[in-house]
Amino acid sequence: MNIRCTTEWTWVFARALPITYGYYLENALTDVTTLKSSEPFFYFLNTDQIKSVDRVDSEGYDTSCYRHDFDPMRWSPKWTMPLIKDFYLDKHPIDSKKDILVINNKYINEWDREKCYNFIDCTLLEQLILKFQDIYDIYYIRYMGNDYNDGYFDDQVTLDDGFNDYELLSKYTNVTTIYDVMKKYNYTFNEAQCVILANSNKHISVSGGTAVLSSLFKGTNIIYTPAVEGNKNSSRGIWNTDSWLTKLSGATIHGVSDSKSLI
(Lines give C-alpha, C1' and ligand atoms only; values in the text may rest on other atoms or scores of the structure.)
Protein backbone atom coordinates (compact mmCIF):
# COMPACT_ATOMS: atom_id res chain seq x y z
CA MET A 1 0.00 0.00 0.00
CA ASN A 2 1.27 3.44 -0.97
CA ILE A 3 -0.27 6.44 0.79
CA ARG A 4 -0.14 9.73 -1.09
CA CYS A 5 -0.97 13.15 0.34
CA THR A 6 0.76 16.16 -1.17
CA THR A 7 -1.66 18.90 -0.29
CA GLU A 8 -1.39 21.32 2.64
CA TRP A 9 0.03 20.36 6.04
CA THR A 10 -3.45 20.13 7.58
CA TRP A 11 -4.10 17.00 5.52
CA VAL A 12 -0.62 15.60 6.05
CA PHE A 13 -1.13 15.74 9.82
CA ALA A 14 -4.79 14.77 10.03
CA ARG A 15 -5.12 12.38 7.09
CA ALA A 16 -1.85 10.99 5.70
CA LEU A 17 -0.13 10.48 9.05
CA PRO A 18 -2.85 8.39 10.77
CA ILE A 19 -3.72 6.38 7.66
CA THR A 20 -0.06 5.58 7.11
CA TYR A 21 0.26 4.51 10.74
CA GLY A 22 -2.81 2.30 10.48
CA TYR A 23 -1.34 0.38 7.55
CA TYR A 24 2.06 0.33 9.26
CA LEU A 25 0.55 -1.45 12.29
CA GLU A 26 -0.74 -4.17 9.97
CA ASN A 27 2.57 -4.49 8.11
CA ALA A 28 0.69 -3.52 4.95
CA LEU A 29 2.52 -0.30 4.11
CA THR A 30 4.93 0.06 1.21
CA ASP A 31 5.68 3.77 1.44
CA VAL A 32 4.15 7.23 1.78
CA THR A 33 4.47 10.11 -0.67
CA THR A 34 4.09 13.46 1.02
CA LEU A 35 5.63 16.89 1.50
CA LYS A 36 9.33 17.50 1.88
CA SER A 37 10.75 17.46 5.45
CA SER A 38 7.96 15.23 6.80
CA GLU A 39 10.31 12.60 8.23
CA PRO A 40 10.01 13.71 11.89
CA PHE A 41 6.22 13.27 11.79
CA PHE A 42 6.51 9.80 10.24
CA TYR A 43 9.05 8.80 12.88
CA PHE A 44 7.91 5.15 12.86
CA LEU A 45 8.99 4.60 9.22
CA ASN A 46 12.38 3.99 7.67
CA THR A 47 13.58 6.97 5.69
CA ASP A 48 13.48 4.97 2.44
CA GLN A 49 9.72 4.51 2.94
CA ILE A 50 9.10 8.26 2.73
CA LYS A 51 8.94 9.77 -0.76
CA SER A 52 9.13 13.56 -0.68
CA VAL A 53 7.81 16.17 -3.08
CA ASP A 54 8.52 19.90 -3.01
CA ARG A 55 5.20 21.05 -4.40
CA VAL A 56 1.69 21.28 -3.04
CA ASP A 57 -1.22 20.06 -5.13
CA SER A 58 -4.81 18.90 -4.61
CA GLU A 59 -3.98 15.28 -3.73
CA GLY A 60 -5.94 14.47 -0.58
CA TYR A 61 -7.70 17.83 -0.43
CA ASP A 62 -11.10 17.43 1.22
CA THR A 63 -12.90 20.55 2.45
CA SER A 64 -15.53 18.50 4.29
CA CYS A 65 -13.02 18.24 7.14
CA TYR A 66 -13.62 21.94 7.83
CA ARG A 67 -16.88 20.92 9.53
CA HIS A 68 -17.01 20.91 13.31
CA ASP A 69 -18.26 17.32 13.54
CA PHE A 70 -16.25 15.70 10.72
CA ASP A 71 -15.44 12.01 11.21
CA PRO A 72 -11.88 11.25 10.02
CA MET A 73 -12.72 7.54 9.81
CA ARG A 74 -14.52 8.36 6.56
CA TRP A 75 -11.08 8.80 5.03
CA SER A 76 -10.08 5.24 5.87
CA PRO A 77 -10.99 2.47 8.33
CA LYS A 78 -7.24 2.27 9.00
CA TRP A 79 -7.18 5.81 10.44
CA THR A 80 -5.13 5.48 13.66
CA MET A 81 -3.08 8.26 15.23
CA PRO A 82 0.50 7.41 16.22
CA LEU A 83 1.73 8.24 19.73
CA ILE A 84 3.90 11.08 18.51
CA LYS A 85 3.88 12.96 21.82
CA ASP A 86 5.08 9.93 23.77
CA PHE A 87 7.85 9.23 21.25
CA TYR A 88 9.34 12.74 21.35
CA LEU A 89 8.86 13.18 25.07
CA ASP A 90 10.86 9.99 25.63
CA LYS A 91 13.44 11.06 23.07
CA HIS A 92 14.06 14.49 24.58
CA PRO A 93 12.45 15.51 27.88
CA ILE A 94 13.07 19.21 28.55
CA ASP A 95 14.22 19.99 32.07
CA SER A 96 11.90 22.75 33.23
CA LYS A 97 10.95 23.95 36.71
CA LYS A 98 7.63 25.28 35.42
CA ASP A 99 5.01 24.00 33.01
CA ILE A 100 5.79 24.85 29.41
CA LEU A 101 3.45 27.07 27.40
CA VAL A 102 3.94 26.84 23.64
CA ILE A 103 2.82 29.67 21.35
CA ASN A 104 2.69 28.36 17.76
CA ASN A 105 2.34 31.31 15.41
CA LYS A 106 2.63 32.06 11.69
CA TYR A 107 2.85 35.03 9.35
CA ILE A 108 2.22 34.01 5.76
CA ASN A 109 0.49 35.04 2.56
CA GLU A 110 -2.93 33.42 3.00
CA TRP A 111 -5.17 32.65 0.02
CA ASP A 112 -2.83 34.57 -2.31
CA ARG A 113 -3.94 37.90 -0.89
CA GLU A 114 -0.49 39.04 0.28
CA LYS A 115 -1.92 39.31 3.78
CA CYS A 116 -1.99 37.17 6.89
CA TYR A 117 -5.34 36.93 8.68
CA ASN A 118 -4.56 34.22 11.19
CA PHE A 119 -1.71 35.27 13.42
CA ILE A 120 -0.91 36.63 16.87
CA ASP A 121 0.33 40.19 16.40
CA CYS A 122 3.14 41.69 18.45
CA THR A 123 0.83 43.61 20.77
CA LEU A 124 -1.07 40.49 21.72
CA LEU A 125 2.11 38.43 21.85
CA GLU A 126 3.64 40.80 24.39
CA GLN A 127 0.45 40.78 26.44
CA LEU A 128 0.63 36.99 26.63
CA ILE A 129 4.28 37.05 27.67
CA LEU A 130 3.78 39.69 30.36
CA LYS A 131 0.76 37.88 31.78
CA PHE A 132 2.19 34.36 31.81
CA GLN A 133 5.99 34.61 32.00
CA ASP A 134 6.03 34.10 35.78
CA ILE A 135 3.72 31.08 35.56
CA TYR A 136 5.15 29.19 32.58
CA ASP A 137 8.34 28.66 30.66
CA ILE A 138 7.29 30.05 27.29
CA TYR A 139 8.42 28.51 24.01
CA TYR A 140 7.69 30.27 20.72
CA ILE A 141 7.39 28.70 17.27
CA ARG A 142 7.15 30.61 14.00
CA TYR A 143 8.73 29.74 10.69
CA MET A 144 10.69 32.74 9.42
CA GLY A 145 11.04 31.78 5.77
CA ASN A 146 13.46 30.03 3.45
CA ASP A 147 16.51 32.02 4.54
CA TYR A 148 16.11 30.41 7.96
CA ASN A 149 14.96 27.02 6.69
CA ASP A 150 16.41 23.79 8.00
CA GLY A 151 14.09 20.84 7.70
CA TYR A 152 10.85 22.61 6.82
CA PHE A 153 8.85 23.11 3.64
CA ASP A 154 5.78 25.14 2.77
CA ASP A 155 4.70 26.71 -0.49
CA GLN A 156 2.98 29.50 1.43
CA VAL A 157 5.08 32.67 1.25
CA THR A 158 6.31 33.98 4.59
CA LEU A 159 5.63 37.71 4.69
CA ASP A 160 8.32 40.22 5.56
CA ASP A 161 6.66 43.57 6.10
CA GLY A 162 7.70 44.67 9.56
CA PHE A 163 6.34 41.84 11.69
CA ASN A 164 9.04 42.03 14.36
CA ASP A 165 8.05 39.20 16.67
CA TYR A 166 11.55 37.80 17.12
CA GLU A 167 12.95 41.25 17.80
CA LEU A 168 10.28 41.66 20.49
CA LEU A 169 11.06 38.29 22.03
CA SER A 170 14.77 39.07 22.25
CA LYS A 171 13.89 41.41 25.14
CA TYR A 172 12.56 38.51 27.21
CA THR A 173 15.26 36.15 28.40
CA ASN A 174 12.68 33.68 29.74
CA VAL A 175 11.21 33.04 26.26
CA THR A 176 12.84 30.27 24.24
CA THR A 177 12.32 30.27 20.48
CA ILE A 178 12.35 27.30 18.15
CA TYR A 179 15.54 28.65 16.59
CA ASP A 180 17.20 28.57 20.02
CA VAL A 181 16.28 24.88 20.29
CA MET A 182 17.48 24.13 16.75
CA LYS A 183 20.84 25.76 17.42
CA LYS A 184 21.36 24.19 20.84
CA TYR A 185 20.51 20.60 19.87
CA ASN A 186 21.23 20.62 16.13
CA TYR A 187 17.62 19.79 15.29
CA THR A 188 15.84 20.51 12.04
CA PHE A 189 12.82 22.80 12.25
CA ASN A 190 10.29 19.97 12.28
CA GLU A 191 12.29 17.93 14.79
CA ALA A 192 12.39 20.94 17.08
CA GLN A 193 8.64 21.49 16.69
CA CYS A 194 7.93 17.92 17.77
CA VAL A 195 10.25 18.08 20.78
CA ILE A 196 8.87 21.42 21.99
CA LEU A 197 5.22 20.44 21.55
CA ALA A 198 5.75 17.03 23.17
CA ASN A 199 7.08 18.66 26.34
CA SER A 200 3.99 20.83 26.80
CA ASN A 201 0.36 20.25 27.68
CA LYS A 202 -0.52 23.92 27.14
CA HIS A 203 -0.63 25.18 23.58
CA ILE A 204 -1.75 28.37 21.89
CA SER A 205 -1.99 28.15 18.10
CA VAL A 206 -3.61 29.98 15.21
CA SER A 207 -6.13 28.41 12.85
CA GLY A 208 -4.58 26.43 10.04
CA GLY A 209 -1.83 23.84 9.93
CA THR A 210 -0.23 25.07 13.17
CA ALA A 211 -3.48 24.37 15.02
CA VAL A 212 -3.71 20.84 13.62
CA LEU A 213 -0.08 20.12 14.49
CA SER A 214 -0.52 21.41 18.04
CA SER A 215 -3.59 19.18 18.41
CA LEU A 216 -1.43 16.07 17.91
CA PHE A 217 0.26 16.56 21.29
CA LYS A 218 -2.53 16.12 23.86
CA GLY A 219 -3.12 18.67 26.63
CA THR A 220 -5.10 21.81 25.83
CA ASN A 221 -4.90 23.68 22.54
CA ILE A 222 -6.41 27.16 22.33
CA ILE A 223 -6.94 28.00 18.66
CA TYR A 224 -7.02 31.71 17.81
CA THR A 225 -8.99 32.71 14.70
CA PRO A 226 -9.10 36.53 14.59
CA ALA A 227 -12.55 37.89 13.76
CA VAL A 228 -11.42 40.17 10.96
CA GLU A 229 -13.01 40.87 7.60
CA GLY A 230 -11.81 38.49 4.91
CA ASN A 231 -10.75 35.70 7.25
CA LYS A 232 -12.11 32.54 5.61
CA ASN A 233 -11.29 30.45 8.65
CA SER A 234 -13.91 32.27 10.74
CA SER A 235 -16.67 30.18 9.16
CA ARG A 236 -14.90 26.81 9.49
CA GLY A 237 -16.10 24.80 12.47
CA ILE A 238 -12.91 22.78 12.70
CA TRP A 239 -11.27 25.65 14.61
CA ASN A 240 -14.06 25.96 17.18
CA THR A 241 -14.31 24.57 20.71
CA ASP A 242 -14.68 20.77 20.97
CA SER A 243 -14.25 20.22 17.23
CA TRP A 244 -13.21 16.86 15.79
CA LEU A 245 -9.56 17.84 16.26
CA THR A 246 -9.97 16.32 19.73
CA LYS A 247 -9.73 12.92 17.99
CA LEU A 248 -6.13 13.54 16.96
CA SER A 249 -4.77 12.93 20.46
CA GLY A 250 -7.58 13.50 22.95
CA ALA A 251 -6.53 17.14 23.32
CA THR A 252 -9.00 19.66 24.69
CA ILE A 253 -9.79 22.18 21.95
CA HIS A 254 -10.88 25.74 22.69
CA GLY A 255 -11.64 28.13 19.84
CA VAL A 256 -11.45 31.91 20.39
CA SER A 257 -11.81 34.85 18.03
CA ASP A 258 -10.62 37.91 19.96
CA SER A 259 -7.58 38.82 22.07
CA LYS A 260 -9.50 39.26 25.31
CA SER A 261 -10.92 35.73 25.09
CA LEU A 262 -7.49 34.32 24.24
CA ILE A 263 -5.85 35.89 27.30
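For the structure itself, consult the block above.
Each value, and the rule that gives it
Residues numbered from 1 in each chain as written. Predicted model: local features only at pLDDT ≥ 70, side-chain atom pairs only at ≥ 80, totals over all residues. Heavy atoms only, no water. Helix = DSSP H or I, 4+ residues; strand = E, 2+ residues; numbered from the N terminus. Rg over C-alpha atoms; globule rule 2.2 N^0.38 Å. Buried < 20%, exposed > 50% of the residue type's maximum accessible area, 1.4 Å probe, protein only. Contact = heavy atoms within 4.5 Å. Areas by Shrake-Rupley, 256 points an atom, 1.4 Å probe, with all protein chains shown as cover. Lys, Arg positive; Asp, Glu negative; His and termini not counted. Charge placed at Lys NZ, Arg CZ, Asp CG, Glu CD. Arc of directions from axis to C-beta. Polar contact = N/O pair within 3.5 Å; in protein donor to acceptor, adjacent residues only side chain to side chain. Patch = residues over 30% accessible without salt bridge, like charges linked within 9 Å, V, L, I, M, F, W, Y side chains within 5 Å. Salt bridge = Lys/Arg side-chain N within 4 Å of Asp/Glu carboxyl O.

A. Broad picture of the overall build of the protein. When helices and strands are counted, the protein shows eight helices and nine strands. Against the globule reference of 18 Å for 263 residues, the protein gives a C-alpha radius of gyration of 17 Å, in line with a compact fold. With respect to the principal axes defined by its C-alpha atoms, the protein has extents near 50 × 40 × 35 Å. Considering the protein as a whole, with its 263 residues, one finds that 54% of them fall into the buried category. At a minimum sequence separation of 6, the contacts of the protein that also span at least 24 residues come to 70%. Accessible surface computed for the protein: about 12,000 Å², of which carbon and sulfur atoms make up 44%. Looking at charge distribution, the protein has the averaged site of its 26 positive side-chain charges lying 4 Å from that of its 35 negative ones.

B. Here's a closer look at helix α3 (residues 122-132). Those residues of α3 not exposed but buried are Leu-124, Leu-125, Leu-128, Ile-129 and Phe-132. Angularly, the buried residues of α3 cover 140 degrees about the axis, an arc narrow enough to put them on a single face. The N-capping residue of α3, defined by a side-chain oxygen 3.2 Å from the backbone nitrogen of Thr-123, is Asp-121.

C. Just a negative patch on the surface, in detail. A cluster of acidic residues, Glu-8, Asp-112, Glu-114 and Asp-155, forms a negative patch on the protein surface. Mapped onto the elements, Glu-8 comes out in the loop between β1 (2-4) and α1 (9-25).

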